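Here's the letter readout for the chains.
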Amino acid sequence: MPSALIFGGSGKIAKFITASLVKQDYKVYSIIRREDHVPELRKLGAIPIIQSLEDSTVAELTATIKSCTPDVVIFAAGAGLRAFEDPNLSILVDRDAAIRAFDAIAEANCTKRLITISTIDARNRDKPSPTWYNEEDQKASDGLWGMLPTYMKAKFEADKDLVEQNSRRGLEYTIIRPTWYGDGEPTGKVKAGLAGISPKVSRKDVADVFVACIENPATVGCVFEVSGGEVPIKEAVQRVAEEKVNSFGEMFR
């Protein structure tokens, strides 16, 4: 039976991923911070593990990974709404805890496969904007960084560390960078690759992009954006794999 370990298993996208993987006979281990999420995750078929990422050392995270021996690790953790009250939590969770998790995956040496969720437009803003951005994308970028500067910087720095330190870690990573989430029903279709910021995308569709990446090992090394679109998800991910899309090249770091 294949297995997956999800950091941040109580999040909405993580729960969609869990349900999909369980249906495919995966054993899913789900790391969560709060005990009150346990019943829901067990109902989905996951094996909950209570562990605070922001308080755990690399050694402690390594021990957890070794105890699960997963085939793939999914990093879907984030400070979430807590960061609106205390922006520093974005630094502690979205950056620092993520980097410790990357180190722990390498140290555990159970699997090299990592799929992580970032965010659209996580880049060095001192450098030119992506060439594929239109005027609407640029305005949205200004809005994102104006509203959530600490969060955006934390995501950027975590991605930068994952990419630039991989010569020592040797992880087989894929970084997925969804745009704003919409409240509409999932369509099973997206725009993936150099997708830009608009339009919004449903969380379920983003979760299905994760699952498609798990199923498609050719996505290793890809960093790509996901927004609302008209291409069926598996086809969109296959195109990303074939084109070896990297929306986070050195010119954006």
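Predicted model, so just to flag it, every value in this text is computed and none were measured.

Trainee: Which parts of the structure should I look at to understand the overall build of the protein?
Mentor: Across its full length, the protein carries 10 helices and 11 strands. Taken over the C-alpha trace, the protein has a radius of gyration of 17 Å; the compact-globule value for 253 residues is 18 Å, and the two agree within 12%. Seen through its principal axes, the protein has C-alpha atoms that stretch 50 × 35 × 35 Å. Within the protein, buried positions represent 55% of all 253 residues. The contacts in the protein between residues at least 6 apart in sequence include a share of 69% that link residues at least 24 apart.

Trainee: How should the environment of Ser 56 be read in this particular structure?
Mentor: One can find Ser 56 in the loop between β3 (47-50) and α3 (58-68). For Ser 56, a relative accessible area of 6% puts it in the buried group. For the pair Ser 56 and Arg 100, spaced 44 residues apart in sequence, the C-alpha to C-alpha distance is 8.5 Å. Those residues in contact with Ser 56 that sit more than four places away from it in its chain are Gln 51, Leu 61 and Arg 100. Of note is the side chain of Ser 56, whose polar atom sits 3.3 Å from the side chain of Gln 51.

Trainee: Would you mind going over the nonpolar core with me for this structure?
Mentor: Counting residues in hydrophobic clusters, the biggest one holds 37 residues, and the most contacted among them are Ile 17, Leu 21, Val 209 and Phe 224. If you tally residues by element for this core, the top one is helix α9 (residues 203-215), at 8 residues. In this structure Phe 224 touches Thr 174, Ile 175, Ile 176, Arg 177, Ala 192, Gly 193, Val 209, Cys 213, Val 240, Val 245 and Ser 247, once residues within four positions along its chain are discounted. Core analysis: the next-biggest nonpolar cluster, separate from the first, contains 32 residues, Phe 7, Ala 97, Val 163 and Tyr 173 among them.

Trainee: Looking at this model, I keep getting lost on the environment of Gly 182. Mind explaining?
Mentor: Checked against the element boundaries, Gly 182 lands in strand β7 (residues 181-182). Ignoring any residue separated from it by four or fewer positions in sequence, one finds Gly 182 in contact with Lys 200, Val 201, Ser 202 and Arg 203.

Trainee: What exactly am I supposed to notice about the pattern of salt bridges here?
Mentor: As a working rule, side chains carrying opposite charge can pair if their charged atoms are close by. Counted under the stated rule, the structure contains 18 salt bridges. The salt bridge involving Arg 123 is made with Asp 121; its shortest N-O contact spans 2.6 Å. For the pair shown, Arg 123 and Asp 121 are each scored as buried. Overlapping salt bridges bring together Arg 95, Asp 96, Lys 153 and Glu 157 as one network.

Trainee: Explanation requested: the packing of α9 against helix α10 (residues 233-243) in the structure shown.
Mentor: To describe two helices that pack against each other, one gives the angle between their axes and the distance between the axes. At their nearest, the axes of α9 and α10 sit 9 Å apart, and the two run at 55 degrees to each other. As judged from the angle between their axes, α9 and α10 are oblique. Where α9 crosses over α10, the handedness of that crossing is right-handed. In contact with Asp 205, Asp 208, Val 209, Ala 212, Cys 213 and Glu 215 of α9, α10 contributes Ile 233, Lys 234 and Val 237. Of the residues in the contact of α9 with α10, the class split is 5 nonpolar, no polar and 4 charged.

Trainee: Is there a simple way to explain the pairing of strand β8 (residues 189-193) in this structure?
Mentor: Looking along a regular strand, one sees side chains alternate from face to face of the sheet. Direction of pairing for β8 relative to strand β11 (residues 231-232): antiparallel, over a ladder of 2 bridges. Bridging across to β11, Lys 189 finds its partner in Pro 232. Where β8 lies against strand β10 (residues 223-228), 4 bridges are found, and the strand directions are antiparallel. The residue of β10 that forms the bridge with Ala 192 is Val 226.

Trainee: Just checking my understanding: could you explain the environment of Glu 164 for this structure?
Mentor: Topologically, Glu 164 is positioned in helix α7 (residues 149-164). Classification of Glu 164 as partly exposed rests on a relative accessible area of 35%. For Glu 164 and Arg 253, which are 89 residues apart along the polypeptide, the C-alpha to C-alpha distance reads 9.5 Å.

Cut-offs applied
Residues numbered from 1 in each chain as written. Predicted model: local features only at pLDDT ≥ 70, side-chain atom pairs only at ≥ 80, totals over all residues. Heavy atoms only, no water. Helix = DSSP H or I, 4+ residues; strand = E, 2+ residues; numbered from the N terminus. Rg over C-alpha atoms; globule rule 2.2 N^0.38 Å. Buried < 20%, exposed > 50% of the residue type's maximum accessible area, 1.4 Å probe, protein only. Contact = heavy atoms within 4.5 Å. Polar contact = N/O pair within 3.5 Å; in protein donor to acceptor, adjacent residues only side chain to side chain. Core = buried A, V, L, I, M, F, W, Y, C linked by side-chain atoms within 4.5 Å. Salt bridge = Lys/Arg side-chain N within 4 Å of Asp/Glu carboxyl O. Axes fitted to C-alpha atoms, helices over the stretch in contact; angles between N-to-C directions. Parallel < 35°, antiparallel > 145°, perpendicular 65-115°, else oblique. Left-handed = near helix turned anticlockwise from the far one by under 90°. Nonpolar A, V, L, I, M, F, W, Y, C, P; charged D, E, K, R; others polar. Pairing = 2+ DSSP bridges.

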